[in-house]
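Take a look at the letters that make up each chain.
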Amino acid sequence: MIIAEHKPMKELLAMIEGFNNILMVGCKGCVTVCNAGGSKEVAILSAALRIARRRQDKPVTIDEFTLDRQCEPEFISWLDEQVKKKKYDAIMSLACSIGPQYIAEAFETVVVLPGLNTGFMGGTIEHGIWGEFCAGCGDCVIQDFGGLCPITRCAKGLLNGPCSGSVDGKCEVNKDMDCIWELIYERMKNLGQVDRLAEMIGAKDWSTSLSGGPRKIIREDLTL
Amino acid sequence: MKAETNLQKILARGTFAVTCEINPPRGTKVDAVRENAAGFKGKVDAVNVSDNATASVRMSSWAVSKILLDAGIEPVLHMVTRDRNRIALQSDLLGASALGIQNVLCLTGDHPARGDHPEAKKVFDLDAVQWIAAVKQIRDQGTLMNGEKISGDPGFFIGAVANPFVRSLELHILRLQKKIVAGAEFIQTQPVLDMEHFKAWLNQAIAEGLTDRCPIIAGVIALKSAAIAEDLRHSVPGMMIPDSVIERLSAVPEDQQLDEGIKMCVEKIQTLRETGGVGGVHIRAPGCEEKLPEIVEKAGLLPRPDVS
């Protein structure tokens, strides 16, 4: 799923400065699962902003609305009627950044604000802790690395690791971070494939990654 | 074309090689580089020029390498894959060749998070192993990584690095082997301060037949003071400085610590010289590069052989 987190209160308040009639839009997808932008978070965050603005003697109206998903334009259109009626001067989205971008496309004359910082594609490590596992390079090769991704999980993205900074099983960037190459090595040992680590992995073709600009996946069998 | 550099010839002859390293200036003043270069002449076989070491901005390695060349010193150009993608790396390699630089040391480089611009975007388009293979391809096949022919016939002597001071020896030896298979013709190690650990690594490299295929130049370091040793221990990834080293430096008054550091470095060189499988030493003296010729002399490594 996409892991996201709230922007700091100070930044959110600066962002809504001068706006008095705001719609805050949540999403029932990934950001509900990672407790960043579901209907519960919309209720808490909008209340916090209302209180903060009242304290500044600049009260603000914030309506709440949570969509099934914000990554489908069809769901965004559910906002049409309310946005038309209430004449909001800004819409704050609590989805990953796909949400505010779709909202911006749908409502040409309304300011759109991102309420979250979108982090990464990740998974739950433990309650309240999420980790990154995939960089979306567009050409998965984890089968060569015991099923673990060095592109994402090595700070240098080494395909022929580990680097010399990995001395005690930890990453040179942060000693709290495991060296993924040590974990790959352990996996390969368990699989009886250590000899595969002697094979040189050639330079990666990054043209399938974000390097080539925003990507599209087209499924001819599904297009109308 | 195989490069015939001074360093390559000395290693090929089986003579114990001596190299040292300078870190380019943070700025445009190169007086110290020129002064040091004058002192290095005839005292070392080649001088390494680091490439924004510890991910901190310094004058470009190729520019300082050219200044050394002009002063009659053979440079070893460091090239890290951290900051340049394959287009820029290949471009700079061709430029280095045109300037007469032939010894090329290929590294991945320390992560920007450890450097002086931690907000920088990392590159790492290639890793060190892939870059070694690319330099070899450009040299031996006369083609860029994309297979297109280049003009000219550049000669490179290709080096790589290894860190013996790691927990998983087998894993790191596998990577060393990959570097040699990819095209590395000499290996430089992190500074040896813990001989036991170094020997364990070296024995494994010998057992795998790696030292027969590629000379190993052991790193050594002259520590200027106990305080600097303590600082390097924390600031340089992969640098292992045992407590005993810092204790020995701390045991003498501050104004004598540099002399003690030099003495320790000289002792280490002598021990390494008697260690089978070691093809030479790579001496570093951070913050006291002007002492390098004195270290070489005290270690009894002079005169340097003339292989021209």
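Residues numbered from 1 in each chain as written. Chains lettered and ligands numbered in written order. Predicted model: local features only at pLDDT ≥ 70, side-chain atom pairs only at ≥ 80, totals over all residues.

Trainee: Quick question: what am I supposed to make of the sheet that holds strand β5 (residues 111-114) of chain A here?
Mentor: Residues and elements named next belong to chain A. Strand order in the open sheet formed by four strands is β3-β2-β4-β5, and the pairing between neighbours is parallel. A strand with exactly one partner marks an edge of an open sheet, and here the two such strands are β3 (61-67) and β5. Between one strand and the next, the sheet's axes are offset by a mean angle of 25°, whatever the strand orientation. As defined by bridge partners, strand β2 (residues 21-27) adjoins β3 across seven bridges and the pair is classed as parallel. Each bridged residue has a counterpart across the sheet, and for Val25 the counterpart in β3 is Phe65. (Pairing = 2+ DSSP bridges. Helix = DSSP H or I, 4+ residues; strand = E, 2+ residues; numbered from the N terminus. Axes fitted to C-alpha atoms, helices over the stretch in contact; angles between N-to-C directions.)

Trainee: What should I look at first to understand the packing of helix α5 (residues 128-141) of chain B against helix α6 (residues 169-182) of chain B in this one?
Mentor: Angle between the axes and distance between the axes: these two values describe a pair of packed helices. Residues and elements named next belong to chain B. Running from amino to carboxyl end, α5 crosses α6 at an angle of 15°, the nearest separation of the two axes being 8 Å. In terms of their interaxial angle, α5 and α6 are classed as roughly parallel. For the pair α5 and α6, the crossing hand works out as right-handed. Residues Ala128, Val129, Ile132, Ala133 and Lys136 of α5 touch α6, and the partners they reach there are Lys178, Lys179 and Ala182. Split by residue class, the contact of α5 with α6 holds five nonpolar, no polar and three charged. (Parallel < 35°, antiparallel > 145°, perpendicular 65-115°, else oblique. Left-handed = near helix turned anticlockwise from the far one by under 90°. Contact = placed C-beta atoms within 7 Å. Nonpolar A, V, L, I, M, F, W, Y, C, P; charged D, E, K, R; others polar.)

Trainee: I would appreciate a short explanation of the nonpolar core in the present structure.
Mentor: In globular proteins that are soluble, nonpolar side chains generally tend to be buried together. By size, the foremost hydrophobic cluster in this structure holds 108 residues, and its most contacted members are B:Val47, B:Cys106, B:Ile132, B:Ile187 and B:Ile295. Contacts of B:Cys106, omitting those with residues within four sequence positions, involve B:Met79, B:Ala128, B:Trp131, B:Ile132, B:Val135, B:Ile158, B:Gly159 and B:Ala160. If you look at the next biggest cluster of nonpolar residues, it comprises 33 residues, including A:Val25, A:Leu49, A:Met92 and A:Leu94. (Core = buried A, V, L, I, M, F, W, Y, C linked by C-beta atoms within 7 Å. Buried ≥ 20, exposed ≤ 12 C-beta atoms within 10 Å, placed from the backbone.)

Trainee: Explain unusual backbone geometry to me, please; I cannot follow it from the model alone.
Mentor: Excluding glycine, a negative phi dihedral is what most residues carry, and trans is how most peptide bonds are arranged. At the junction of A:Gly161 and A:Pro162, the peptide bond is cis and its omega measures out at -5° in the coordinates. Secondary-structure assignment places A:Pro162 in the loop between α7 (150-153) and α8 (180-191). Residue B:Asn52 is not a glycine yet carries a positive backbone phi of 50°. Relative to the assigned elements, B:Asn52 resides in the loop between β2 (46-49) and α3 (61-70). Here the phi dihedral of B:Phe124 falls at roughly 45°; this positive angle occurs in a residue that is not glycine. Here B:Phe124 is to be found in the loop between β4 (103-107) and α5. By the C-beta count within 10 Å, which is 23 here, B:Phe124 ends up buried.

Trainee: So what exactly am I meant to see when it comes to α5(B) here?
Mentor: The periodicity of an α-helix, 3.6 residues per turn, causes residues three or four positions apart to be oriented the same way. All names here are of chain B. Taking 1.5 Å as the rise per residue, α5 with 14 residues should run 20 Å; its terminal C-alpha atoms sit 19 Å apart, in good agreement. Every buried residue belonging to α5 is among Ala128, Val129, Gln130, Trp131, Ile132, Ala133, Ala134, Val135 and Arg139, and all of these are buried. Buried residues along α5 sit against β3 (75-80), α4 (86-99), β4, β5 (157-162) and α6. Looking one or two places after α5, you find Gly142, whose phi comes out positive at around 65°. (Expected span 1.5 Å × (residues − 1).)

Trainee: Can you walk me through the domain arrangement of chain A in this structure?
Mentor: Interface size, as often reported, equals the accessible area lost upon joining of the parts. Under the domain assignment used here, chain A contains domain 1 (2-120) and domain 2 (135-202). Computed from C-alpha coordinates alone, the two centres of domain 1 of chain A and domain 2 of chain A are separated by 39 Å. (Domains from an automatic or database assignment.)

Trainee: Looking at this structure, I do not really get the sheet that holds strand β7 (residues 129-134) of chain A. What am I missing?
Mentor: The strands making up a sheet associate through hydrogen bonds between their backbones, and the pairing can be parallel or antiparallel. All names here are of chain A. Within the open sheet, the three strands sit side by side as β1-β6-β7. Their pairing is antiparallel. Looking at which strands have only one partner, the edges of the open sheet turn out to be β1 (2-6) and β7. Direction aside, neighbouring strands of the sheet carry axes that sit 70° apart on average.

Trainee: For this particular structure, what's the right way to read the environment of A:Gly38?
Mentor: Residue and element names in this part refer to chain A. Position of Gly38 relative to the elements: it lies in the loop between α2 (30-33) and α3 (39-55). Put simply, Gly38 and Phe75 are 37 residues apart on the chain and 15 Å apart in space, counted from C-alpha to C-alpha. Those residues in contact with Gly38 that lie beyond four places of it in its chain are Gly26, Lys28, Val31, Thr32 and Thr66.

Trainee: Sorry, what's going on with the interface of chain B and chain A here?
Mentor: Taken together, the contact between chain B and chain A spans 31 residues of the former and 25 residues of the latter. Contributing elements (two or more residues each) for the side of chain B that touches chain A: α5 and α6 of chain B. In terms of residue count, the dominant contributor to the side of chain B that touches chain A is α6(B) (seven residues). Split by residue class, the side of chain B that touches chain A holds 15 nonpolar, eight polar and eight charged.

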